[in-house]
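Single-letter residue listing:
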Amino acid sequence: MSDLGRQPFPFSAIVGQEDMKLAMILTAIDPKIGGVLVFGDRGTGKSTAVRALAALLPAIKVVEGCPVNSENPEDCPDWAETGSKRRVKRPTPVIDLPLGATEDRVTGALDIERALVHGEKAFEPGLLARANRGYLYIDEVNLLEDHIVDLLLDVAQSGENVVEREGLSIRHAARFVLVGSGNPEEGELRPQLLDRFGLAVDVRSPNDVATRVEVIRRRAGYEEDHESFMVRWRKADGRLRSRILKAREGLSGVATPDAALEDCAAICIALGSDGLRGELTLLRSARALAAYEGDAEVSRAHLRRMAVPALGHRLRRDPLDDTGSDTRIARSLGELFGPYQTAAE
Amino acid sequence: MAAAADMSDPAVRARMALAVLAVAGPAVGGLWLRARPSPVREVFLETLDRLLPEAARIGPETEDFALSGGVDVGASLATGQRVLAPGLLARTGRLTLASAERASPALAARLAQALDRGGRVLVALDEGAEPEETLAPGLAARVGLFVDLDGLGMRECDAVSEPTAGLEKARSGWSETRFSGELETVLAEYSTFLGIDESRHLLVARAAARTVAALRGAREVAREDLDIAAALVLLPRGQVPDVQPEVEEPEPEHQDDRPSEDEGENSSDTGVPEDRLTGAEAVPLPAALLDLSATAPGRGAHGAGAGAALRGTTRGRPLPSRPGHANARARIDPVATLRAAIPWQRLRPPAPRGQPVALRPSDIRIRRFEERSDRVVIFAVDASGSQAMARMAEAKGAVECLLSEAYRRRDQVAMVSFRGREAEVLLAPTRALVRARNALVGLPAGGATPLAAGLGAASVLAMQARAAGATPVVVLLSDGRANIALDGEADRTRAAADAETAARRLAAAGVESLVLDTGRRPQAALEVLAQALRGRYLALPFARAKEMSAAVSAALDS
């Protein structure tokens, strides 16, 4: 959080908000899931969680001085004139996209300084370049201006940022996990953008006193007794890290039986969710969940657990019908597979 | 115990807030000062300057460049060397945001980010006159202390500026004060009781309580210290439930003002007062705190219409560049500038020190942007008796279709209804269409047709929307003639004249409008009214809701 040289709040120390934490962990296991949208009240630790997760992940290797965090010297774009071939370790980048950021700050633009002072046509990389191989975090994503949204959609889809303006013709890799947060009461999100997020979760402020006390305690511990607080949580974070790394390795080995594929399709048909993206995300996230839980194959329980975050935001919605999509999904799942057994199903 | 501060006195609250801010600084995020310019405000700010000198002053018009810094183009051109200007947000210490109620969402987001980086304190000077004019929610969440100076006069100046003892000592000692686990529970209970969800506020209240304890030289926070902190941080933001038993009979009319949670149709009407009462019994707050008059505006989750459009030359879709000055609030288009300069190169003396291009101020080209402003569709719905008899259901259906249309186009909607003797605003501009629909479902019908009052209320909303940077469109749904004049008299002639005057006014203000005749037979009077409005008239005697919607979207699109 602070730039005064302090480590971010430990991920494991975030009280509650299990859905949000799980969704974020799964995108860390398989970035192809395609980002997380967190909707809910202010001050529920949304931005804390993103930063904490990035700090939890192992450092990435990047070519020194490469503006797009390339892993190998040959991947560095020509325009960057990186020069160095040395590889250094960097923490996974988390780049904030502020509201009101201009298009050239996001995509990059002509380097005005070099153009005017030296008369050279050079490219000044933007936020998308810096977010490559990391996280792009947009707070209040629902208030983002349309033309920036269009641009993000395009880049998130292709994994590449193409700048054709001011006589420049530049392209560079821009693969990042998009994490958006917002408060739905302040504005709806366009369906196109909604669909682009892999998982969507709702967060609520805890309303019982005991949880609130715990929130205060941990936060106060972090602020006031930083060193020992970090030491206390280091172990938990370390365990989580190795679990994520193990899941990453195990991901390709997770079997997807035909039954799971059929279940997946059945859920999507029953819910009438648009397009294949939902189905793919459901399967991907269920696989990531299976890997995270150390299971050898995707089961119905995994699909069930992921149905709401993977499909909830994709259901065709009557804007005037306020029945939550969660309820609809739960109903459909119940009809398809019988009632829920237990959480540990 | 040292003199217990009487926190029901606004001057004492103001002084205490200053002391806490001066001592705890970044730990409380900042101070939200809600006050119109006044002598007390002057004194308050002078005292603040003494305690915590200002590092940077920011206003709603401060440009991005000044905030974030970058290459200073003017200076770079002049010297032929790269000149970097650091931004205001790079500074640590006390930042002041003047006219905070007018800060754009973009500015608020940047300030919020700067505050999150730590080491900064923001003093937001909120001069909002209306409850809707207030601090952006993202900032309100980060700026911990709240002070309202309204109602304080010259007499209280001395009380506000009176120095607080022990500031220096508290500065070094406040972070050593103990905050017991028991008080943590109390703090959590306060916030639950007041309905405060933002966990930042709890931490700020905790820091403020420790500071208050340190100020009186204590090493451990007492319940009284926490109460004082709560008066500065939590109470102004909370929904203070009434503790008097009278709340058991809430007036039904006011129940609908704040549609409760979006569940089912009318299910939760009875749940609200009970919840409040149990809460009130569970946590007895000190009585002196409960009758505080100062509450922060815009409490609850609703933001200050952050979706409203922003005008200006810095964002949006690009337009062709134009000649202009480098120092205006504008951004230079380097390519167009170079292009403008190139043809003259031969004629100009060579550029100094090997610069490839000789630039003149007249070459500078400025970027221009166009930003489409949001549209607010204001429905003025006739809920009179004749309408109710004839086609209220259809009118409601039509509005629902229009709402879906608004959703597709991402318009905001607002709703005014008129019946009997007066008009009422059912819904201020919002994007939350579910609320619009709920407002409509609960709309009672019956009585006369005060058309002029309805148009009047709609035009007030239209002007507000325009002031916020949006484009208003008024859609009038009615089935007939006005029969209630503006003064409430049942006089058809005067009623018609009043309605026409109101319509002309709306037209003169340049507000687009549309009249939907929902009656069984087209009414000539409504057509006349549409002419006065210089708007379209659509008679939909037998149209179904769907067709009506199609007609309206066509009209809106053109």
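Just above sits the structure.
Residues numbered from 1 in each chain as written. Chains lettered and ligands numbered in written order. Predicted model: local features only at pLDDT ≥ 70, side-chain atom pairs only at ≥ 80, totals over all residues. Heavy atoms only, no water.

Some points on the overall build of chain A
Going by this rule: Strands here mean DSSP runs of E at least two residues long; helices mean DSSP runs of H or I at least four residues long; both are numbered from the N terminus. Under the scheme applied here, a residue whose accessible area is under 20% of the maximum for its type counts as buried, over 50% as exposed, and between as partly exposed, the area being computed with a 1.4 Å probe on protein chains only. Two residues form a contact once any of their heavy atoms are found within 4.5 Å. Note on areas: Shrake-Rupley, 1.4 Å probe, and residue coverage restricted to the protein chains presented here.
Helix and strand counts for chain A come out as 13 helices and 11 strands. Looking at chain A residue by residue over its 345 residues, the buried ones come to 55%. Contacts spanning at least 24 positions in sequence make up 75% of the contacts within chain A whose residues lie at least 6 apart. Accessible surface computed for chain A: about 15000 Å², of which carbon and sulfur atoms make up 48%.

Some remarks on the environment of G195(B)
One can find G195(B) in the loop between α9 (181–194) and α10 (199–215). Each C-alpha atom of the pair G195(B) and L235(B) lies 10.0 Å from the other, and the pair is 40 residues apart in sequence.

So, the packing of helix α1 (residues 10–24) of chain B against helix α11 (residues 223–233) of chain B
Residues and elements named next belong to chain B. Operational definition: Axis definition: a line fit to C-alpha positions, over the contact stretch in the case of helices; interaxial angles, taken between N-to-C directions, run 0 to 180 degrees. An angle below 35 degrees is treated as roughly parallel, one above 145 as roughly antiparallel, one from 65 to 115 as roughly perpendicular, and anything else as oblique.
Relative to each other, α1 and α11 sit at 100 degrees, their axes nearing to 10 Å. Considering their axes alone, α1 and α11 lie roughly perpendicular with respect to each other. For the pair α1 and α11, the contacting residues are R13, M16, A17 and V20 in the first and I228, A231 and L232 in the second.

Section: the packing of helix α10 (residues 258–271) of chain A against helix α12 (residues 300–311) of chain A
All names here are of chain A. Stated precisely, the cut-off is as follows: Two helices crossing with the near one rotated counterclockwise from the far one by less than a right angle form a left-handed crossing, whereas a clockwise rotation gives a right-handed crossing. Classes in brief: Ala, Val, Leu, Ile, Met, Phe, Trp, Tyr, Cys and Pro nonpolar; Asp, Glu, Lys and Arg charged; the others, Gly included, polar.
Packing of α10 against α12 leaves a shortest axis separation of 11 Å and a crossing angle of 35 degrees. Both α10 and α12 take part in a crossing whose hand is right-handed. Facing α10, whose interface residues are A260, D263, C264, I267, C268 and L271, α12 presents R300, L303 and L311. Considering only residue class, the contact of α10 with α12 consists of 7 nonpolar, no polar and 2 charged.

Some thoughts on the sheet that holds strand β10 (residues 375–382) of chain B
Residues and elements named next belong to chain B. How we decide: Note: two strands are recorded as paired if DSSP finds a minimum of 2 bridges between them.
A sheet is described by the order of its strands in space; here 6 strands give the open sequence β12-β11-β10-β13-β14-β15, paired in mixed fashion. The open sheet has two edge strands with one neighbour each: β12 (422–430) and β15 (536–539). Averaged over all pairs of adjacent strands, the angle between strand axes in this sheet comes to 15 degrees, irrespective of strand direction. Where strand β13 (residues 471–478) and strand β14 (residues 512–517) come together, 6 bridges link them in parallel fashion. Residue pairing for β14: V473 is matched across the bridge by E512.

What about α12(A)?
The condition is simple: To estimate how far a helix should extend, the number of its residues minus one is multiplied by 1.5 Å.
If you check α12(A), its first and last C-alpha atoms are 15 Å apart, about what 12 residues at 1.5 Å a residue would give, namely 16 Å. Turning to α12(A), its buried residues number three or more, namely A301(A), H302(A), L303(A), R304(A), M306(A), A307(A), P309(A), A310(A) and L311(A).

Regarding the environment of M16(B)
Residue and element names in this part refer to chain B. Turning to its location among the elements, M16 is positioned in helix α1. Overall, the relative accessible area of 15% leaves M16 in the buried class. With 192 residues separating them along the chain, M16 and A208 place their C-alpha atoms 9.9 Å apart.

Description of unusual backbone geometry
Residues and elements named next belong to chain A. In this model, R133 sits at a positive phi of 70 degrees, which is unusual for a non-glycine residue. Looking at where R133 falls in the secondary structure, it is placed in the loop between α5 (127–131) and β7 (135–138). For R133, a relative accessible area of 27% puts it in the partly exposed group.

Digging into the packing of aromatic side chains
Selection criterion: For Phe, Tyr and Trp, where Trp contributes only its six-membered ring, two rings pair if their centres lie within 6.5 Å, and the inter-plane angle classes them as stacked under 30 degrees, edge-to-face over 60, or tilted in between.
Enumeration according to the criterion identifies 5 aromatic pairs over all chains in this entry. For the pair F9(A) and Y222(A), a centre-to-centre distance of 5.1 Å together with 75 degrees between the ring planes defines the contact as edge-to-face. Taken together, the residues span a long stretch of sequence, with F9(A) in the segment before α1 (18–29) and Y222(A) in helix α8 (residues 209–224) at a distance of 213 residues. Residues F9(A) and Y222(A) agree in their burial class; the two are buried. Aromatic side chains W32(B) and F146(B) sit 5.0 Å apart centroid to centroid with 90 degrees between the ring planes, which places their arrangement in the edge-to-face category. Here the residue W32(B) occupies a position in strand β1 (residues 30–34), and F146(B) occupies one in strand β7 (residues 145–148), the gap between them amounting to 114 residues. With respect to burial, W32(B) and F146(B) carry one shared label: buried.

Here's the deal with the sheet that holds β7(B)
Within a sheet, adjacent strands bond to each other through the backbone by hydrogen bonds, running parallel or antiparallel. Residue and element names in this part refer to chain B. Read across the open sheet, the 5 strands follow the order β2-β5-β6-β1-β7; overall the sheet is parallel. Unpaired on one side and paired on the other, β2 (54–58) and β7 mark the two borders of the sheet. Taking each pair of neighbouring strands and ignoring which way they run, the sheet shows an average axis angle of 20 degrees. Pairing between strand β5 (residues 93–97) and strand β6 (residues 120–126): 5 bridges, direction parallel. When the sheet's bridge partners are listed, T96 is paired in β6 with V123. On top of the sheet, α1 reaches β1, β6 and β7; it is set at about 150 degrees to β7, its chief contact. Contacts between helix α5 (residues 105–116) and the sheet are confined to β2, β5 and β6, with β6 contributing the most and set at about 150 degrees to the helix.

Thoughts on the pairing of β10(B)
Residue and element names in this part refer to chain B. Of all 8 residues in β10, 8 are buried, a share of seventy percent or more. Alternating positions in β10 separate into two faces, R375, V377, F379 and V381 on one and V376, I378, A380 and D382 on the other, with burial throughout. For β10 and β13, the ladder comprises 7 bridges, and the chain directions are parallel. Looking at β13, one finds that V376 is bridged to P472. As judged from the 7 bridges shared by β10 and strand β11 (residues 412–419), these two strands associate in the parallel manner. Paired with V377 across the strands is V413, a residue of β11.

Overview of the pattern of salt bridges
All names here are of chain B. Inclusion rule: In what follows, salt bridge is the name for a side-chain nitrogen of Lys or Arg lying within 4 Å of a carboxyl oxygen of Asp or Glu.
Throughout the structure, instances matching the rule amount to 29 salt bridges over all chains. One salt bridge connects R200 with E198, and the closest N-O pair in it is separated by 3.3 Å. A relative accessible area of 7% places E198 in the buried class. A salt bridge links R223 to D227, with the shortest nitrogen-to-oxygen separation between them at 3.6 Å.

Some remarks on the side chain of R41(B)
Residues and elements named next belong to chain B. Residue placement: R41 occurs in helix α2 (residues 39–51). A residue is classified by how much of its surface remains accessible, and R41, at 7% relative accessible area, is buried. Among residues more than four places away in sequence, those in contact with R41 are L33, A35, R36, L125, E127 and L149.

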